[in-house]
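Now for the letters of each chain:
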Amino acid sequence: MAMDLDEITITKLIINSYMRDLIDATDIDVVIAGSGPTGLTAAKYLAEGGLKTIVFERKLSTGGGCHGGGMMFNKIVVQREGKFILDDFKINSIELEPGYFVANSLETVAKLTASAIDAGAKIFNLISVEDVMIREADKITGVVIQWTAVEMAKLHVDPMTIRCKYVVDATGHDAEICNIVQRKIPGARLETETGKIIGEKPMWTQIGEKMLIETTKQIYPGLFVAGMAANAVSGGPRMGPIFSGMLISGRKVAVDILENLGKIKT
Ligand code: 48F
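Residues numbered from 1 in each chain as written. Predicted model: local features only at pLDDT ≥ 70, side-chain atom pairs only at ≥ 80, totals over all residues. Heavy atoms only, no water.

(A) Molecular detail of the sheet that holds strand 4 (residues 94-97). Reading across the sheet, the three strands line up as 3-5-4 and stay open at both edges, with antiparallel pairing between neighbours. Edge positions in the sheet fall to strand 3 (75-79) and strand 4, since each of these pairs with one other strand and no more. Each adjacent strand pair in this sheet contributes to an overall mean axis angle of 40 degrees, direction not counted. (Pairing = 2+ DSSP bridges. Helix = DSSP H or I, 4+ residues; strand = E, 2+ residues; numbered from the N terminus. Axes fitted to C-alpha atoms, helices over the stretch in contact; angles between N-to-C directions.)

Below is the structure:
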């Protein structure tokens, strides 16, 4: 016999379960702003390394710029160096030219998302990081979050706060968290050549991918930057629909943070 279903029970379960997750997310190890390929990759490795990791994503769905592949052809390319990460996430790919692996962008987003969650990371969609918290002589000690719907409707509603040991700016081309730090902390010196945000350079895939390894770093005390945001901050070029750099950058930021917190030895 089919069970009797009660709408109010369903409602209470959703509210209770979500609130439990959200309260649990208020004091954690790492906040990742943005669930593009970089943020999701970082989330999996951080959570696997034993850190309490939360991703806040402004949009309804995870995956950032990955879904659309190249100009809406839903394929991405990953070069030889990033293939081991595709394998880590069990993402199918075909080597159609030597060293160039082609994967389905939807499968990529689905598996990055599922693997991050399976590893223990929590992902909150429809929530934006709108500010940072500081203490101890300008060390970033957390983030300020707001419902995306409030942001979009421009409602005058105060946000709430999350405390963490490290923040990762994985917000893509706009490098939103680094921009907030530069704008709101007087005299803030970022770890770039000029001490300021340099800005993204035009497309040059080879250099863009290479630079991403160096530009992925702790850019300000308590704040790491990874993925496209890292090149945007340090003056690296964009690289188009090739995603090895994003995956490698996401993994690198996780390893750096795990090392900083003594979870793995160098
Ligand atoms: O843009 P996005 O995919 O950044 P990524 O992970 O990857 C870049 C590639 O997609 C592509 C590329 C490849 O060569 O250049 O562009 O570095 O994902 C960034 C995510 O962050 C979210 C945004 O909605 C997107 O899903 N986001 C941006 N600002 C905020 C945010 C914010 N303030 N709070 C929460 N999420």
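(B) Spotlight on the site of the ligand. Of all residues adjacent to the ligand, which total 26 residues, the nearest are Glu57, Gly65, Val129, Met228 and Gly240. A distance of 3.4 Å separates an oxygen atom of the ligand from a polar atom in the backbone of Pro37. In the environment of the ligand, an oxygen atom lies 2.6 Å from a nitrogen or oxygen atom belonging to the side chain of Glu57. Out of a free accessible area of 730 Å², the ligand has 92% covered by protein chains. Most atoms of the ligand, that is more than half of them, are within 2 Å of grid points of the largest pocket. Counting residues per element, the ones that place at least two in the shell around the ligand are helix 2 (37-48), strand 2 (53-57) and strand 7 (127-135). Tallying contributions element by element places strand 7 first for the shell around the ligand, with three residues. (Near = heavy atom within 4 Å. Polar contact = N/O pair within 3.5 Å; in protein donor to acceptor, adjacent residues only side chain to side chain. Areas by Shrake-Rupley, 256 points an atom, 1.4 Å probe, with all protein chains shown as cover. 1 Å grid on protein atoms, 1.4 Å probe; cavity = no way out; pocket = protein on both sides within 12 Å on 5 of 7 lines; lining within 4 Å. Sits in = over half its atoms within 2 Å of the grid points.)

(C) Spotlight on a nonpolar patch on the surface. Taken together, Ile15, Met19 and Ile23 make up a surface patch of nonpolar side chains, about 300 Å² in accessible area. Taking the relative accessible area as the measure of exposure, Ile15 reaches 46% and is therefore partly exposed. (Patch = residues over 30% accessible without salt bridge, like charges linked within 9 Å, V, L, I, M, F, W, Y side chains within 5 Å. Salt bridge = Lys/Arg side-chain N within 4 Å of Asp/Glu carboxyl O. Buried < 20%, exposed > 50% of the residue type's maximum accessible area, 1.4 Å probe, protein only.)

(D) Layout of the side chain of Thr216. With respect to the helices and strands, Thr216 occurs in the loop between helix 7 (205-215) and strand 10 (217-220). Separated by 2.7 Å, the side chain of Thr216 and the backbone oxygen of Leu212 make a polar contact. In this view, Thr216 contacts Val225, Ala226, Gly227, Ala230, Ser249, Lys252, Val253 and Asp256; residues no more than four positions away in its chain are not counted. (Contact = heavy atoms within 4.5 Å.)

Purely geometric stuff here, so don't read any function into it on its own.
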